[in-house]
Each structure stands twice: as structure tokens, then as C-alpha cells.
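Tertiary structure, described
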Amino acid sequence: MFGYVRINKMDLTFREYEHYKAYYCGLCKKLKSDHTELSRLSINYDITFLILILTSVYQAKSDIYHERCIVNPIKKKKHMSNEFTEYAAAMNILLTYYKLEDDVMDRGDLKDKMARAMFSKSFKTAYEKYPQKSEIIKSKLKDLSKLEEENSSSIDKTSNTFGELMKEIFTYKEDEYSIRLGEVGFNIGKYIYIMDAYEDLDKDIKSGDYNPFKEASDDRELLKKRVDKLIMMCLSRLENAIVSLDIKVNNGIINNIIYSGVYLRYRGVMNKSTKEENMK
């Protein structure tokens, strides 16, 4: 479900791109040090955006270091890490584990059970540090599962539920930023859920898996217009929430993500669906 909140590399300066990758590498390193080597497989760019936003809002000082890694063992890569890197790594683990748990409940495949077992140690560590966040995430995913069991065709109900989950994750603490950060998280969550459902529609129809857009799949042109409207609404509200935070640190990277990276990812999915539909 993740991978929709990304940069447009071509529109970043070299320094901005280096900074962004350093946050990503810092998250990867933190997953290994706080959890397990295996947990690094769950890393994603959406959680990197969480680090970027929280670091920029609270202007946290980051530790900067250079290390080689398994992906690039020859050249040392820049890493940036702070308190929000640790927090984001824990949230990443909680989301991954609960998703695996949901897969086990849905399918019961041996592969899913083995993956869940391999993440159980990391989950315990993250849960012990953030029990309240963990229980809220679990509750929201349970609500989402209930809607899926009911075969709900309401994209508003399903995407709002995932939006509420992401709202909790982006609300680092209760303070003067919590409402605005919650708005960022909520609209990021809605955007991710809607994009994932739309992109996976044909696959879900073929496999028989749940998808809130199934009932609207007969008229793809109308569905596309509906999704366009929903996504543009999410992105507009996301923009307003970020602007209201009056971010000064890493502003260029954040603007690149919300005005270019996210939009290009969205247009890529929409154009792909149109091309595939025309080929049928």
C-alpha cells in the first residue's frame, strides 16, 4: 500500500537530493540497529516523508555520518538521523507487522505466517516503546478490515479510516502543531489508500480480493474522473496543511514532494490505467 509519496529527482538540487537520501539511509540504518537486519526490507519512501516533515517542523538537530552499506559496499553514503528517525522506524515496523497479521487472517498462507514470525521481535520492541500508538493503529486497521468484510463500496469510509490511521502517526505529540500535522497525515493517508485501490483494481478483480472501486469498474471513464476529483481534493488539503506549518527547514525538498513528486506518481498511475484500458 505504500510507495506513493516520492520525490521528483530531476527537480531537486544535488544538495537537496543528497539530504533526502541521507534521511532515507538514516531510516534504513535505524531499522537495523533498533530492530533487525530483516526489518530493513520494509523501508519505504512514505515513512521517509514522515521523518522529513517532523524534522522540519520541530527543527531537530540530526547526527550526520558516512557509512558503507550492503546496497553500496564500495562508496560510503551519507546518513542523517535524529529522534524522529527512531520514531519513524518504530511506526514502519508497526504498520508492517499489522499488515502481515491481516494477510495471515485473510489468506493464512505459510509465507505470510513466516514473514509475521520474522517481524515479531521487531514488533515487540516498537510496541513496548509506543503502546498507545500501536493500539490506535491496530484499532484503525480493524475498522478497515470490517469495512472490507462488509464489501463496502464507500471509498470515503475506507480512505477516511486509513487517513485517520496516518493522522495518528503524523501527530507526534499534542502541541501547537498537532492539528496541522494531523491534517497532513490524514490527507497523505487518503491519497495513499485511493491510489492503491485504483492502481490495484484490475488485479483485485482477477484475484477476487476486496476493492472499493469494483462496483464502479464497468464505467472506467467515469471512475477515472471520480478518482481525479478525490485525489486533487486530497492534494489541495495536503498543500494547505503544509503551508500552514510555515516550514523553513528542508522546504525545497518538501515542496518538491507535494508539488511534483506526488503529482507525477499520481499522473503516472492514471495514465497507465488509461493506456491499459485502451489496449483491451
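Look up a bit, the structure's there.
Bear in mind the structure is a predicted one, so any value in this text is a computation, not a measurement.

**Quick word on the overall build of the protein**
Scanning the protein from N- to C-terminus turns up 10 helices and 2 strands. Along its sequence from the N terminus, the protein presents helices and strands in the succession α-α-β-β-α-α-α-α-α-α-α-α. Taking 280 residues into account, the globule formula puts the C-alpha radius of gyration at 19 Å, and the protein, at 19 Å, falls close to it. Oriented by its inertia axes, the alpha-carbon framework of the protein measures out at about 55 × 45 × 40 Å. Here the protein holds 280 residues, and 50% of them are scored as buried. Contacts in the protein between residues at least 24 apart in sequence constitute 71% of all its contacts with a sequence separation of at least 6. When the accessible surface of the protein is split by element, carbon and sulfur atoms take 51% of a total near 14,500 Å². Each charge class in the protein can be summarised by its mean position, and for the 47 positive and 44 negative side chains these summaries are 5 Å apart.

**Side note on the nonpolar core**
Core analysis: the biggest nonpolar cluster contains 81 residues, and Phe49, Ile169 and Tyr191 have the highest contact counts within it. Considering every element that reaches this core, the biggest residue donor is helix α3 (residues 83–106), with 12 residues. Beyond its immediate stretch of four places on either side in the chain, Tyr191 contacts Tyr4, Val5, Ile231, Cys234, Leu235, Val262, Arg265 and Tyr266.

**Here we look at unusual backbone geometry**
Although it is not a glycine, Gln59 adopts a positive phi angle of roughly 50°. Following the sequence through the fold, Gln59 ends up in the loop between α2 (45–58) and β1 (63–67). A residue is classified by how much of its surface remains accessible, and Gln59, at 56% relative accessible area, is exposed. We note that Asp246 has phi near 50°; this positive angle belongs to a residue other than glycine. Structurally, the position occupied by Asp246 is in the loop between α9 (220–244) and α10 (251–279).

**Remarks on α9**
Look at α9: 36 Å from first C-alpha to last across 25 residues, which is about the 36 Å you get at 1.5 Å a residue. Inspection of α9 places Arg220, Leu223, Lys224, Val227, Asp228, Leu230, Ile231, Cys234, Leu235, Leu238, Ala241 and Ile242 among the buried residues, and these make up the whole buried set. Directly after α9, the chain includes Asp246, whose backbone phi takes a positive value near 50°.

**Things to note about the pattern of salt bridges**
Scanning the entire structure with this criterion turns up 11 salt bridges. Here Lys29 and Glu67 are joined by a salt bridge, their closest N and O atoms 2.9 Å apart. In this pair, Lys29 sits in helix α1 (residues 14–34) while Glu67 sits in strand β1, placing the two residues 38 residues apart along the sequence. Looking at Lys29, the relative accessible area reads 25%, which means it is partly exposed. Residue Glu67 is classed as partly exposed on the basis of its relative accessible area, which comes to 26%. For the salt bridge of Lys129 with Glu86, the shortest nitrogen-to-oxygen distance reads 3.7 Å. Taken as a pair, Lys129 in helix α4 (residues 110–129) and Glu86 in helix α3 lie far apart in primary sequence, 43 residues in all. On the basis of relative accessible area, Lys129 is assigned to the exposed category, the value being 53%. Salt bridges linked by common partners bring Lys32, Glu37 and Arg40 together as one network.

**Regarding the packing of α3 against helix α5 (residues 131–149)**
Direction vectors running N to C along α3 and α5 enclose 35°, while the axes themselves pass 10 Å from each other. Along this stretch, α3 crosses α5, giving a crossing that reads as right-handed. Counting all contacts with α3, which are made through Tyr87, Met91, Leu94, Leu95, Tyr98 and Asp102, the residues of α5 involved are Lys133, Ser134, Ile137, Lys138, Leu141 and Ser145. Looking at the contact of α3 with α5 residue by residue, the class counts come to 7 nonpolar, 2 polar and 3 charged.

**Some details on the layout of surface pockets**
Put simply, the largest pocket is a space of about 1,400 Å³. The set of elements that each furnish at least two residues to the lining of the largest pocket consists of α3, α4, α5, α7 (178–199) and α8 (201–207). In terms of residues, the lining of the largest pocket owes the most to one element, α3, which gives 11 residues. Along the lines of polarity and charge, the residues of the lining of the largest pocket split into 18 nonpolar, 6 polar and 15 charged.

Calculation rules
- Residues numbered from 1 in each chain as written.
- Predicted model: local features only at pLDDT ≥ 70, side-chain atom pairs only at ≥ 80, totals over all residues.
- Heavy atoms only, no water.
- Helix = DSSP H or I, 4+ residues; strand = E, 2+ residues; numbered from the N terminus.
- Rg over C-alpha atoms; globule rule 2.2 N^0.38 Å.
- Buried < 20%, exposed > 50% of the residue type's maximum accessible area, 1.4 Å probe, protein only.
- Contact = heavy atoms within 4.5 Å.
- Areas by Shrake-Rupley, 256 points an atom, 1.4 Å probe, with all protein chains shown as cover.
- Lys, Arg positive; Asp, Glu negative; His and termini not counted.
- Charge placed at Lys NZ, Arg CZ, Asp CG, Glu CD.
- Core = buried A, V, L, I, M, F, W, Y, C linked by side-chain atoms within 4.5 Å.
- Expected span 1.5 Å × (residues − 1).
- Salt bridge = Lys/Arg side-chain N within 4 Å of Asp/Glu carboxyl O.
- Axes fitted to C-alpha atoms, helices over the stretch in contact; angles between N-to-C directions.
- Left-handed = near helix turned anticlockwise from the far one by under 90°.
- Nonpolar A, V, L, I, M, F, W, Y, C, P; charged D, E, K, R; others polar.
- 1 Å grid on protein atoms, 1.4 Å probe; cavity = no way out; pocket = protein on both sides within 12 Å on 5 of 7 lines; lining within 4 Å.
- Points joined across faces, edges and corners; volume = space filled by probe spheres on them.

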